[in-house]
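So you can see what is in the structure, the chains are spelled out below.
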Amino acid sequence: MIEPPSEAQGVSLIGLRKTFAGPQGPIRAVDGVDVRIAPGETVALLGPNGAGKSTTIDLMLGLGRPDAGEVRLFGRTPQVAVRAGMVGAMLQAGGLLAYLSVRELLTMLGSFYPRPLPVDEVLTVTGLTEVAGQRTDRLSGGQTQRVRAAMALVSNPDLLVLDEPTVAMDVEGRHTFWQAVRAFARGGKTVLFATHYLEEADQYADRIILMAHGRIVADGPANEIKASVGGRTLRATLPGADLAALAALPGVTTADSRGDAVTLACADSDAAIRALLADYPGARDIEISSAGLEAAFLALTGDHTDQPADPAPAQERAR
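Residues numbered from 1 in each chain as written. Predicted model: local features only at pLDDT ≥ 70, side-chain atom pairs only at ≥ 80, totals over all residues. Heavy atoms only, no water.

Student: When you look at the overall build of the chain in this model, what are you seeing that I'm missing?
Tutor: In terms of regular secondary structure, the chain is built from twelve helices and 13 strands. C-alpha extents for the chain along the principal axes are approximately 70 × 50 × 40 Å. Across the 319 residues that make up the chain, the buried fraction comes to 47%. Within the chain, contacts between residues at least 6 apart in sequence are counted, and of these 70% link residues at least 24 apart. (Helix = DSSP H or I, 4+ residues; strand = E, 2+ residues; numbered from the N terminus. Buried < 20%, exposed > 50% of the residue type's maximum accessible area, 1.4 Å probe, protein only. Contact = heavy atoms within 4.5 Å.)

Here is the structure:
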C-alpha cells in the first residue's frame, strides 16, 4: 500500500533540462531548474511567454521526459504519484466530456480514486452548486473553467497543479475560484499555479518562482522579490511643481506629474522625502511605496520579446 506523503517530503525538481527542435535550431525550454516545494506551500510560477513554465509543469506531471534531471513528488516518480491519485492538474488544454451533467462528470471521476472528496463539497467550494445538473456542453467559459478546477480537486490530491486557471473567468468567478483554492490549501495541501495575472500571485502565493529563458531568476516571498529590485516611489500633491527641479532633488531619479499629483521614482526615498519637505513645505498627501510585482517582473526577466515561445505542452504535441 502506498503511504501518505511524509511531512519531510514534497515536490523536488532536480537539475531539469529539456530541449526541443525548432525551425532555427534547438530550443532549450528548461535549463537546469532546481526547485523544492514543501508540503502545504502555495507557490506561483511566473515568467514571460517562452520562459519554460508550461514545459516545467509537463515534466513535473510526467507528461514529458526531461533530457536530464529528475522529478520526485512526495518521494515518488510522477507516474506513481499520479496513479495513486496524489496529483490533480488543471492544464491549459483539454475539454469536458459532453452530454454529462456537472454532477455526473465529477461523480464518475471521483469513483476512479481511493479517497475522493464528496462531490457536494467540491461543487460548493468551486461555486458550481447552481449548475450541478446542467450539461457540460451548455456551460459558459467561466463555468467551464470552474468545472475543470473541480475535476482537479475531486480526487483529493496532495498536489494541485494549475496552469493559467482563471483565463475566461470574470472578476467574481476569479474571486470564487481563489477562495476555493485557499480553502483547499488550508487542509495542508500543496498548490503550484502558473498565471499571467501578477496580482493573483502577489495575493495568493506563499512564494513566487520567477522564470526566464528556462532558468529560475528569482525564488521567494512576493515582498522579497519586490524588494530585490530596489527603488521606491514617492507620491504627493504639489500644485505647480517644477518637474526639472523635483528630478534634481537628492535621491530622486525621475519625476512625473498628473495635474497636481507628482510621482517621484527614488533610489533613496529617505533622502528624497527630506529634500522634498525642505524645498516644498506645502507638499501634502505624501505616500511612499516599494516597487510592485510588475516592476520586479520586468526588471528580473528583461526584454523577452525576441524569444521563441515555450514549445507546446506535451498534451498538445501528442495530438
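Student: Even after reading the chapter, I still don't get the nonpolar core, so can you show me in this structure?
Tutor: One broad rule of soluble globular proteins: the nonpolar side chains tend to lie buried together. In this structure, Leu13, Met60, Leu73 and Leu159 are the most contacted members of the largest nonpolar core, which totals 30 residues. Mapped onto this core, the elements with two or more residues apiece are strand S1 (11–22), strand S2 (25–37), strand S3 (42–46), helix H1 (53–61), strand S4 (68–73), strand S6 (159–163), strand S7 (190–194) and strand S8 (207–212). Residues within four places of leucine 73 in sequence aside, it is in contact with Gly10, Val11, Met60, Pro78, Ala81, Val87 and Leu159. By size, the runner-up hydrophobic cluster in this structure holds 28 residues, among which are Trp178, Leu198, Ala205 and Ile208. (Core = buried A, V, L, I, M, F, W, Y, C linked by side-chain atoms within 4.5 Å.)

Student: Help me understand the environment of aspartate 242, please; the structure alone is not making it clear to me.
Tutor: Tracing the backbone through its elements, the reader meets aspartate 242 in the loop between strand S10 (232–237) and helix H9 (243–247). A relative accessible area of 43% means that aspartate 242 is categorised as partly exposed. Sequence spacing of aspartate 242 and aspartate 256 is 14 residues, and the spatial spacing of their C-alpha atoms is 9.8 Å. Among the polar contacts listed, one links the side chain of aspartate 242 to the backbone nitrogen of alanine 244, at a separation of 3.0 Å. (Polar contact = N/O pair within 3.5 Å; in protein donor to acceptor, adjacent residues only side chain to side chain.)

Student: What am I meant to see in helix H11 (residues 293–301) here?
Tutor: Every α-helical turn comprises 3.6 residues, leaving residues that sit three or four positions apart pointing alike. Along H11, the residues classified as buried are Leu293, Ala296, Phe297 and Thr301. Projection of H11 onto a plane perpendicular to its axis shows the buried side chains occupying an angular sector of 105 degrees, all on one side. With respect to the buried face of H11, the exposed residues turned more than 90 degrees away are Glu294 and Ala299. Where H11 is buried, its residues contact S3, helix H7 (198–204), S8 and helix H8 (222–228). (Arc of directions from axis to C-beta.)

Student: Please explain the pairing of S3 as it appears in this structure.
Tutor: Residues in a regular strand project their side chains so that they alternate between the two faces of the sheet. The buried fraction of S3 is high, at five of five residues. Alternating positions in S3 separate into two faces, Thr42, Ala44 and Leu46 on one and Val43 and Leu45 on the other, with burial throughout. Bridge count between S3 and S8: four bridges; the pairing is parallel. The partner of valine 43 across the bridge, within S8, is arginine 207. (Pairing = 2+ DSSP bridges.)

Student: Teacher, can you tell me more about the sheet that holds S1 here?
Tutor: For sheets, the rule is that strands pair by backbone hydrogen bonds, running either parallel or antiparallel. What the three strands build is an open sheet, ordered S2-S1-S4; its pairing is antiparallel. Of all the strands in the sheet, the pair left with one neighbour each is S2 and S4. Each strand axis lies, on average, 25 degrees off the axis of its neighbour in the sheet, ignoring direction. Packing of H1 onto the sheet brings it into contact with S1, S2 and S4, and relative to S1 it is tilted by some 120 degrees. (Axes fitted to C-alpha atoms, helices over the stretch in contact; angles between N-to-C directions.)

Student: Can you walk me through the confidence of the model for the chain in this structure?
Tutor: As a note on interpretation, predicted positions should not be read in detail where pLDDT is low. When the pLDDT values of the chain are averaged, the result is 88; 92% of them are 70 or greater. Within the model, pLDDT remains below 50 along residues 304–309, and this stretch shows seven contacts once partners closer than five positions in the same chain are excluded. Within the model, the stretch residues 312–319 combines pLDDT values under 50 with 16 contacts to residues more than four positions away or in other chains. (pLDDT = per-residue confidence, 0-100.)

Student: I would appreciate a short explanation of the sheet that holds S10 in the present structure.
Tutor: Sheet architecture is open: four strands sit in the order S11-S12-S10-S13, paired in antiparallel fashion. The sheet terminates laterally at strand S11 (252–258) and strand S13 (284–290), the two strands that pair on one side only. This sheet shows a mean twist of 15 degrees between the axes of neighbouring strands, independent of strand direction. In this structure, S10 lies alongside S13, joined through five bridges in antiparallel fashion.

Student: Would you explain the side chain of glutamate 164 in this entry?
Tutor: As for its placement among the helices and strands, glutamate 164 is situated in the loop between S6 and helix H6 (171–185). For the buried glutamate 164, no salt bridge is present, and the opposite-charge side chain at shortest range is lysine 53, 5.3 Å distant. The contact partners of glutamate 164, leaving out residues within four places of it in the chain, are Gln92, Gln145, Ala194, Thr195 and His196. (Lys, Arg positive; Asp, Glu negative; His and termini not counted. Salt bridge = Lys/Arg side-chain N within 4 Å of Asp/Glu carboxyl O.)

Student: Even after reading the chapter, I still don't get a nonpolar patch on the surface, so can you show me in this structure?
Tutor: Taken together, Leu277, Ile286 and Ile288 make up a surface patch of nonpolar side chains, about 220 Å² in accessible area. One can find isoleucine 288 in strand S13. By relative accessible area, which is 38% here, isoleucine 288 ends up partly exposed. (Patch = residues over 30% accessible without salt bridge, like charges linked within 9 Å, V, L, I, M, F, W, Y side chains within 5 Å. Areas by Shrake-Rupley, 256 points an atom, 1.4 Å probe, with all protein chains shown as cover.)

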